[in-house]
Amino acid sequence: MLNTTSSHPTYFTLLGIPGLEPFYVSIAFIFFLVYVISLLGNLILLFIIRIDRSLHEPMYFFLCMLSSIDLVLSNSTTPKMLGILWSNNHKIYFEACLTQMFFLHSFAIMESALLLAMSFDRYIAICQPLRYNAILTTFLITNIGLLAISRAVALMAPLPFLIKRLPFCSANVIHHSYCEHMAVVKLACVDTTFNNIYGLVVALVIVGLDLVFIIWSYILILQAVFRLASTEARYKALSTCAAHICAILSFYVPVVLSSVVHRFGKDVPLHIHILLANVYLMLPPLINPIVYGVRTKQIRNRIRSAIKVDFTCFIRVHADQNTSKSKQPPKRKQNQHLTQDSPSMLYRR
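Reading guide: rules and limits
- Residues numbered from 1 in each chain as written.
- Predicted model: local features only at pLDDT ≥ 70, side-chain atom pairs only at ≥ 80, totals over all residues.
- Heavy atoms only, no water.
- 1 Å grid on protein atoms, 1.4 Å probe; cavity = no way out; pocket = protein on both sides within 12 Å on 5 of 7 lines; lining within 4 Å.
- Points joined across faces, edges and corners; volume = space filled by probe spheres on them.
- Helix = DSSP H or I, 4+ residues; strand = E, 2+ residues; numbered from the N terminus.
- Nonpolar A, V, L, I, M, F, W, Y, C, P; charged D, E, K, R; others polar.
- Contact = heavy atoms within 4.5 Å.
- Patch = residues over 30% accessible without salt bridge, like charges linked within 9 Å, V, L, I, M, F, W, Y side chains within 5 Å.
- Areas by Shrake-Rupley, 256 points an atom, 1.4 Å probe, with all protein chains shown as cover.
- Salt bridge = Lys/Arg side-chain N within 4 Å of Asp/Glu carboxyl O.
- Pairing = 2+ DSSP bridges.
- Buried < 20%, exposed > 50% of the residue type's maximum accessible area, 1.4 Å probe, protein only.
- Polar contact = N/O pair within 3.5 Å; in protein donor to acceptor, adjacent residues only side chain to side chain.
- pLDDT = per-residue confidence, 0-100.
- Axes fitted to C-alpha atoms, helices over the stretch in contact; angles between N-to-C directions.

Before going further, it helps to examine empty space enclosed by the protein. All chains considered together, the criterion is met by 1 cavity of 30 Å³ or more. Estimates place the volume of the largest cavity at around 60 Å³. Lining the largest cavity are M59, F62, M118, D121, R122, T240, A243, H244 and Y292. Of all the elements in the fold, those that place two or more residues in the lining of the largest cavity are α2 (58-87), α3 (94-127) and α10 (242-264). At 3 residues, the largest contribution of residues to the lining of the largest cavity is made by α3. The residue makeup of the lining of the largest cavity, split by class, is 5 nonpolar, 2 polar and 2 charged.

Structure representation (structure tokens):
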């Protein structure tokens, strides 16, 4: 298993979901369905925002960034997972494992930053509506996106180097379905205190701080909403936050639940840990396009009009084909006409 020049294994073996082997086909079908819906939903969302100029607003620019991040998260783990469940392909090369680890952790941090930026967007829209366009300029939105990318890359770039410095002796079986940082670190045969502290600090400081600021922004939003005079105005203001709240819950609830079970659930079966870790990565890309497509009026109307136009065009084309067929003369009469007017028949006469 080991290279002759280093203590790194040539490849790791991803264990998959131990204990649920008899259900691999059913689990793979569910994961594949979630994967396809996630891809189609996020691609459709990006396409609609791209072609509709009325959606070229700060909220939808943030939504484009969120959909792009979700696409990367879906493609970073799910294809390999399906390979394990369907074709029993458990091997992943050492460099590919480090690449997968970097992408899934860095883009998860980016998603947390985008959810924080979107909560700031909702705060400005509700608490400072007259200054919304003046504050959230294209320049500021671009800088927020670049800051989210820079923070994630700066924090996750050390991970591959921290893993490479560890000797793995003869252990190469990862008790997980993808290359999660702590699952790989556990295979090292030296003291991994620094790696453990680094991973814990990043998780608590970054995700924890983002969640604290999101909660604080919603406290300010609720204070502004309850100052409104009419109930209808309160409901309208809160309804604009419904999709964002669903996105927050779909991302942070599995993260917190998985962390709690991992730290304190010593008697919880391993397959529960792994399933929660997969839900944490697969649920947001599935939920976000559905929620924003249903809850956002502009996107919902655009999808409805696109479906209506396509259906109308289909009916029109089908009707034109039937009309053209009905206008053609019968085949028998056409043959009789050709026979009567043919030069050979006139010559015989």
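Now that the structure has been shown, the text picks up again.
The next subject is the environment of L283. Within the secondary structure layout, L283 lies in helix α11 (residues 270-295). In this structure L283 touches S250 and P254, once residues within four positions along its chain are discounted.

Bringing a nonpolar patch on the surface into the picture now. Side chains of V25, F29, I30, F32, L33, I37, W86, I290 and V294 sit close together on the surface and give an oily, nonpolar patch of about 870 Å² of accessible area. Elements with a contribution of two residues or more to the nonpolar patch: α1 (24-51) and α11. The greatest single-element share of the nonpolar patch, amounting to 6 residues, is contributed by α1. Summarising the element assignment, I30 is placed in helix α1.

Let us now look at the pairing of strand β1 (residues 11-14). Sheet topology places β1 next to strand β2 (residues 91-93); 3 bridges connect them, and they run antiparallel. When the bridges of β2 are listed, Y11 appears paired with Y93.

Our focus in this paragraph is the side chain of S250. One can find S250 in helix α10. Judged by its relative accessible area of 6%, S250 falls in the buried class. Engagement of the side chain of S250 in a polar contact is seen with the backbone oxygen of A247, the distance being 2.9 Å. Those residues in contact with S250 that lie beyond four places of it in its chain are L283, P284, I287 and N288.

Take the confidence of the model for the protein chain next. The pLDDT averaged across the protein chain works out to 82; a share of 85% of its residues lies at or above 70. For the protein chain, the element scoring lowest by mean pLDDT is helix α14 (residues 343-348), at 42; helix α5 (residues 138-156) scores highest, at 93. For residues 333-349, every residue scores under 50 in pLDDT, and the model assigns this stretch 2 contacts once sequence neighbours within four places are set aside.

Backbone hydrogen bonds are what pair the strands of a sheet, in a parallel or an antiparallel way. Strand order in the open sheet made by the 3 strands is β2-β1-β3, with mixed pairing throughout. Each edge of the open sheet carries a strand with a single partner, namely β2 and β3 (173-174). For β1 and β3, the ladder comprises 2 bridges, and the chain directions are parallel. By the bridge assignment, T13 is partnered in β3 with V173. Here α3 sits on the sheet and contacts β1, β2 and β3; the angle it forms with β2, its principal contact strand, is near 85°.

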